[in-house]
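Breakdown of the fold
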Amino acid sequence: MNDHFPVVLRLFARCIPGDLREPIAGDLHEEYLAIRERQGAGRATAWLWWQSLRLAVTFRWERAAHRRPLPPIGDELRGLGSMWDGLRQDIVFGVRMLRRQPGFTAVAIFALALGIGATTAIFSVVDAVLWRPLPFPHADRVMSLAEQRPRESRWFGVVAPADYFDWQRDSRSFSAMAAYAAQSPSGAYNLTGEGEPERVRPLQATSQFLDVIGVRPALGRGFRAEEETVGRHRVVLLSDALWRRRFAADPSAVGRTVAFDGRTFEIIGVLPAQFWWPSHPDIVVPLALDDHDRTLRAAHFLEVIGRLGDGVPADRAREELRIIGRRLAQEFPAENANHLPNLRPLRDALVGDVRTMLLVMLGAVAFVLLIACANVATLLLARAAARQKEVSIRTAVGAARGRLVQQMLTESLVIAAAGGATGVLLAAWSLSALRALLPASFAGLPGLDHLAIDLRVLTVSVTVSLATGLLFGVLPALAASDERLAVSLNEESRGGTGSVRAKRLRAGLVVAELALSLVLLAGASLLVVSFNNLLNVSPGFQPAQLVITRVTLPGSRYGEHPRVVAFFDAVFEQLAVAPAIQRVGATTSLPLDDSDSRLELTIEHRTADSPFPVRVHPRVVSTGYFQTMGIPLLRGREFTGHDVDTSGRVAIINEASARRYWPNEDPIGQRISIGETAEWREIIGVVGDTRDEGLDADADPAAYLPQHQRFESLGTGFERAVTLVIRTTGDAASVTPLIRTAVSNVDRQVPIGLVRRMDEFIGDSIAPRRLNFVLVSAFALVALALTSAGLYGVMAYLVTQRTREIGVRMALGASRTQVLALVLREAGSMTLLGIAIGVAGALGLTRFMATMLFGVTASDPAVYAGVSLLLAVVALLAVAVPSSRATRIDPLVALRDS
Amino acid sequence: MAAADVVNLGEFEHMVLLAIMRLGEDAYAVPVRDEIARCTGRDVSRGSIYITLDRLETKGYLKSRLADPTPERGGRAKRYYALRPRAVDALKESRRALVALWSGLEAVLAQP
């Protein structure tokens, strides 16, 4: 039981004077025994260690006091209390000092609040999206499986059905594997029956889907394997929200039937309320592929996920898949040559490119925080210089350096705590704004539904606040308590500018701020230039005055091609007579819609001269589509109403196809076949390229087919899901009711989707970039403001400090110009150094942004010259006021004042 | 001399001296702390007791002696403290000064 005491004594040996150690240990021993008697050994031991530690700290703290002349009683008593008393005193004193200088305090707290607030807000987003586990049990074992197709530069492409079934059959690394439709061929379903018709978002997934993500239905059951087959697949799982909305949360809904697109489905279960999936589906239905679709290897439209088996590392699963993939490539060289299965964690697949963007934002915001720190540090340094006399006196009467540093650090921490608290408030307030800024394409990112400042984010904020307090406080505190500064008592009266060290420190901080700002400005400018380049990219059509809406015909009543054609012809006829509408067209896939259905292209009289299959994007379009969209016809003719099933089959290709497949000849009149149907189509025209996968992606080969001619290579749902494009004469809003009326006049059971303006649609496609550049630019502007404020503060301070020196110079005949040059030389050298370091840093750091840039390289000289110039001008403005003040110094006044 | 001492005695030092006076022969750190707590209701830290005792000894108000080690203290000695005449003078002087300052103020205190 006494085992503690030798250790306690050793602890004391370093802290407590020799003649007191034994008696104090004896006293502790005595009380220890008494406490052990009353409260047990555990409590007594804890008490002993706590007291020993407190005593050691107290004595250690007071050791200096033994050596120095006795301070005034008030001080002595304060020091006598425990360390905590001392700390409390420091805090009270610090708060008092800060309240005495409200201007300084407000600026410092505001700068920090901006930095900490922005960091907290962005961190909460980054944390939610990138770092928190997905809302599935053992989410780290859920993998996204993809097909690597180097020829199309796709490393994680969607999967062909036949490949998926082979993987599922042959691999042993997964406890469950499932596929779901990458883009549901018919978009949304029309839910009819009791109540208003409603469009619901389906997720078509194979039977093991819920097993892979580890979700069990809250009510009812999941899918059975046999429900993957056509004919037995009319079962549905409802989302919790839909169940509550349509069935008033009635448990007996399970077992009832609902009609989607006019077909009856049996409700077999309800998903739990916390079920989350990126596409936010309202219903989950089995993905049932018919015998034909199951054998497709060239049509890629499945997303595949798998749960790793217990103890199977991802690398081993990838290896196994690749072995299977190599075998398939040998067996089916036409479709699978060079294709390999690939695998990555599901989160990486969901987050994709957004990761870089979020990390760049986090980096930018960290820079703002660093600049804010440097800014507050320069303020503190300037203040420390003003307090040199106080410090010198305190040192002279025996204050220990450690004590002074503690006092000043406490003040910094008080500032940091106030800044942190304000910052967290700012962050909480800005989160809702940030949420509103997030583009629609972010809806599929994990964690954004529950964006909040929670304990985890708060912990980070508090840590960041305290760390910043130390970061900006430690240098000024050390500088201020520097014993070498003691001579400043004399220096000050000579009108010096503080010690050389303090001056260098200040200059160093300003240079650091300038350099950090330049990096941010360079990054922001690159993003702005990229975004501007993107806005100037022509999408290949005329988006002004176009509106679009999606119409999906139910397969039950529109299973036959003539009925589809008749429906759209009737709608077009109704719309054509409206004066507000110029032209109407329809397409199965809109530009910028990034659809991945490519089919094999066979060219008559040509043998494949490359091992890779020749492919095009097939698009079924109506007569008049090109004119409506404003896609230019380059050669040949457009489709007319005469291109029907009974006439000769035709196709129009885009420029990219013509360039790639007929580089030196005229494609007009050539015959091609698309997909597996061996029907030859004659090329009758070439139209301009449109940007199909985004403004930043070059056009891919595409072939347009007339709506009036049957096209079945992509399955039967393809031509029923159509986007209407309408060119208006005026306001888009005015045509919405016209479209609704026209569709409902033709078939009351067919609802239409949202009517949107085409330019909005284009805006959405670049919204992530817009968010990125808006935020990073905002951070860069804040950085610029903080930096110029810092530069102004330092220069103003230097000028004030050198009033006497400048006065003497002027008295001795220095001209105003010479004085101005003196001040500007100082500011100029700091600025140039800051810019030089900043450019070097930016060249190093912006490389990580390469994937986010468009039409500009990360080391674009014009951008760097521009931001350097901008920073130099802002720096010049910041020093303009102090330097003009310097030139107006009256030598007489300056000399008299000192 | 005595008047100057009063100025140099802090409130806490004052309390420590009085506690030692009250304890008489039995004054070592543990009972001193208990006595202060008992009389004033203030729970003071052990560190400040030790440092104040040490300081008062250095200033010449206290003398101390080491007693024989006892087993219930793990064989460690106690350090007993006793007042020097200077401390008694200082306490008397401070009491006199305080009483003088207080005299006639009872009526003021009695007011609500």
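Computed from a predicted structure; not experimentally measured.

Of regular secondary structure, chain B possesses six helices and two strands. The linear arrangement of helices and strands in chain B, starting from the amino end, is α-α-α-α-β-β-α-α. Counting over 112 residues, chain B shows a buried share of 46%. The contacts of chain B with a sequence gap of at least 6 include a subset with a gap of at least 24, amounting to 52%.

Moving on, we come to helix α23 (residues 736–746) of chain A. All names here are of chain A. When we look at burial in α23, the residues that qualify are T736, I739, A742 and V743. The buried residues of α23 occupy one face: seen down the axis, they fall within an arc of 135 degrees. In this fold, the buried residues of α23 make contact with β14 (546–552), α20 (561–576) and β23 (721–728).

Bringing the confidence of the model for chain B into the picture now. Residue and element names in this part refer to chain B. In this model, chain B carries a mean pLDDT of 84, and residues with pLDDT of at least 70 account for 91%. Of all secondary-structure elements in chain B, the lowest mean pLDDT belongs to helix α1 (residues 2–8), at 51, while strand β2 (residues 79–83) reaches the highest, 92. Note on residues 1–6: pLDDT is under 50 here. Beyond four places in sequence and across chains, it has nine contacts. For this predicted complex, the interface confidence reaches an ipTM of 0.86, while the overall pTM sits at 0.65.

Turning our attention to the interface of chain A and chain B. Each partner contributes residues to the interface: chain A has 29 residues there, and chain B has 30 residues. Of the roughly 2500 Å² buried where chain A meets chain B, counting both sides, 58% is carbon and sulfur surface. One can count four salt bridges joining chain A with chain B. For A:E22, the salt bridge goes to B:R76, with nearest N and O atoms at 3.9 Å. Across the contact surface, chain A and chain B share nine residue pairs in polar contact (both at pLDDT 80 or more). No other element matches the 13 residues that helix α2 (residues 18–39) of chain A contributes to the side of chain A that touches chain B. Taken together, the residues of the side of chain A that touches chain B break down into 15 nonpolar, six polar and eight charged.

A separate point is the pattern of salt bridges. Between side chains of opposite charge, a pair can form when the charged atoms approach closely. Scanning the entire structure with this criterion turns up 31 salt bridges over all chains. Bridged by salt links that share partners, the residues A:D163, A:D166, A:R169, A:D170, A:R297, A:R327 and A:E331 form one connected network.

To continue, consider the environment of A:W47. Among the secondary structure elements, A:W47 is positioned in helix α3 (residues 41–67). Taking the C-alpha atoms as reference points, A:W47 and A:L28, 19 residues apart in sequence, are found 9.7 Å from one another. Apart from residues no more than four positions distant in its own chain, A:W47 is found in contact with A:L28, A:E31, A:Y32, A:I35 and B:R46.

Quick look at the side chain of A:E638 now. Residue and element names in this part refer to chain A. Relative to the elements of secondary structure, E638 occurs in the loop between β18 (633–636) and β19 (650–654). Buried and unpaired, E638 has no salt bridge, with R583 as the nearest side chain of opposite charge at 7.4 Å. Among all residues touching E638, those that are not within four sequence positions of it are F626, Q627, L633, D643, I652 and I684.

Residue and element names in this part refer to chain A. By secondary structure assignment, the location of D163 is in helix α7 (residues 161–170). For D163, a relative accessible area of 0% translates into the label buried. A distance of 3.0 Å separates polar atoms of two side chains, one belonging to D163 and the other to N336.

Further remarks concern unusual backbone geometry. Even without being glycine, A:H138 reaches a positive phi, approximately 45 degrees. Mapped onto the secondary structure, A:H138 falls in the loop between α6 (102–131) and β1 (142–149).

The relation between two aromatic rings is expressed through the spacing of the ring centres and the mutual angle of the planes. Residues and elements named next belong to chain A. Per the stated rule, a full pass over the model turns up 17 aromatic pairs over all chains. When the centroid spacing of 5.4 Å and the interplanar angle of 70 degrees are considered together, the rings of F260 and F265 count as edge-to-face. The pair formed by F260 and F265 is uniform in burial state, with each residue classed as buried. When the centroid spacing of 5.5 Å and the interplanar angle of 75 degrees are considered together, the rings of Y558 and F567 count as edge-to-face. In this structure Y558 comes out as buried when scored by relative accessible area, which is 6%.

Attention now moves to helix α26 (residues 803–811) of chain A. For an α-helix the count is 3.6 residues per turn, leaving residues at separations of three or four pointing the same way. Residues and elements named next belong to chain A. Buried residues of α26: I806, G807 and M810, and no others. The arc enclosing the buried residues of α26, seen along the axis, measures out at 105 degrees, which places them on a common side. At the C-terminal side of α26, G813 shows a positive phi close to 110 degrees.

Turning to the nonpolar core, a few remarks are in order. Core analysis: the largest hydrophobic core is formed by 130 residues, its most contacted members being A:I122, A:I415, A:F472 and A:F626. With 20 residues, helix α14 (residues 354–386) of chain A is the single largest residue contributor to this core. With sequence-adjacent residues up to four places away left out, A:I122 is seen in contact with A:M361, A:L362, A:V365, A:L434, A:L775 and A:F779. B:L9, B:V32, B:I49 and B:I51 belong to the second largest nonpolar core, which has 43 residues in total.

Right, let's talk about the environment of A:D290 for a bit. On the secondary structure map, A:D290 appears in the loop between β11 (283–286) and α10 (291–294). Along the primary structure A:D290 and A:G231 are separated by 59 residues, whereas in three dimensions their C-alpha atoms are 9.3 Å apart.

Our next topic: the packing of helix α2 (residues 11–23) of chain B against helix α3 (residues 29–40) of chain B. Any two packed helices are characterised by the angle at which their axes cross and by the distance between the axes. Residues and elements named next belong to chain B. Axis separation between α2 and α3 bottoms out at 9 Å; the angle between their running directions is 105 degrees. In this view, α2 runs roughly perpendicular relative to α3, as classed from their interaxial angle. Counting all contacts with α2, which are made through M15, V16, A19, I20, R22 and L23, the residues of α3 involved are P31, V32, E35, I36, R38, C39 and T40. Each residue belonging to the contact of α2 with α3 can be placed in one class, and the counts come to nine nonpolar, one polar and three charged.

Let us look at the confidence of the model for chain A. On average, residues of chain A score 81 in pLDDT, and 89% of them are at 70 or above. Counted against residues more than four places away or in other chains, residues 67–81 of chain A, with its pLDDT under 50, gives 25 contacts.

Once that is clear, we can look at a nonpolar patch on the surface. Residues and elements named next belong to chain B. Residues L98, L101, W102, L105, V108 and L109 make up a contiguous nonpolar surface patch of about 610 Å² in total accessible area. Of all elements in the fold, only α5 (85–102) and α6 (106–110) reach the threshold of two or more residues within the nonpolar patch. Structurally, L109 is set in helix α6. Residue classification places L109 among the exposed residues on the basis of a relative accessible area of 57%.

Procedures and definitions
Throughout this description, residue numbers start from 1 for each chain and increase along the sequence as written. Key to labels: chains lettered from A, ligands numbered from 1, both in the order written. Side-chain atom pairs in this predicted model are given and counted only at pLDDT of 80 or more, local residue features only at pLDDT of at least 70, and totals for whole chains, interfaces and linings cover all residues. Think of the side-chain values as coming from all heavy atoms in the structure, minus any hydrogens and water. A run of DSSP states H or I qualifies as a helix once it reaches four residues; a run of E qualifies as a strand once it reaches two. Both are numbered from the N-terminal end. A 1.4 Å probe rolled over the protein chains alone gives each residue an accessible area, and that area as a share of the maximum for its type sets the label: buried under 20%, exposed over 50%, partly exposed in between. Any two residues whose heavy atoms approach within 4.5 Å are treated as being in contact. Think of it as the arc spanned by the lines of direction from the helix axis to the C-beta atoms. Values of pLDDT, ranging from 0 to 100, describe the predictor's confidence in every residue of the model. Buried surface area refers to the total accessible area, computed with a probe of radius 1.4 Å, that the two partners give up upon joining, counted for both partners together. Criterion for a salt bridge: a side-chain nitrogen of Lys or Arg within 4 Å of a carboxyl oxygen of Asp or Glu. Polar contact criterion, stated in full: a pair of N or O atoms within 3.5 Å, where within protein one must be able to donate a hydrogen and the other to accept it, and residues adjacent in sequence count only if both atoms are side-chain atoms. Classification used: nonpolar for Ala, Val, Leu, Ile, Met, Phe, Trp, Tyr, Cys and Pro, charged for Asp, Glu, Lys and Arg, polar for all others including Gly. In this tally, Asp and Glu contribute negative charge and Lys and Arg positive charge; neither His nor the terminal groups of the chain are included. Between 30 and 60 degrees the pair is tilted, below 30 it is stacked and above 60 it is edge-to-face, where a pair is any two Phe, Tyr or Trp rings, Trp via its six-membered ring, whose centres lie within 6.5 Å. Note on terminology: a nonpolar core comprises buried Ala, Val, Leu, Ile, Met, Phe, Trp, Tyr and Cys residues joined through side-chain atoms within 4.5 Å. An axis is simply a line fitted to the C-alpha atoms; with a helix, the fit covers only the stretch in contact. Between two such axes, the angle follows the N-to-C directions and lies from 0 to 180 degrees. Relative orientations are named as follows: roughly parallel for angles under 35 degrees, roughly antiparallel for angles over 145 degrees, roughly perpendicular for angles from 65 to 115 degrees, and oblique for any other angle. A patch consists of residues whose relative accessible area exceeds 30% and which take part in no salt bridge; residues with like charges are grouped when within 9 Å of each other, and nonpolar side chains (Val, Leu, Ile, Met, Phe, Trp, Tyr) when within 5 Å. All accessible areas in this document rest on Shrake-Rupley with a 1.4 Å probe, and a residue is counted as covered only by the protein chains that are shown.

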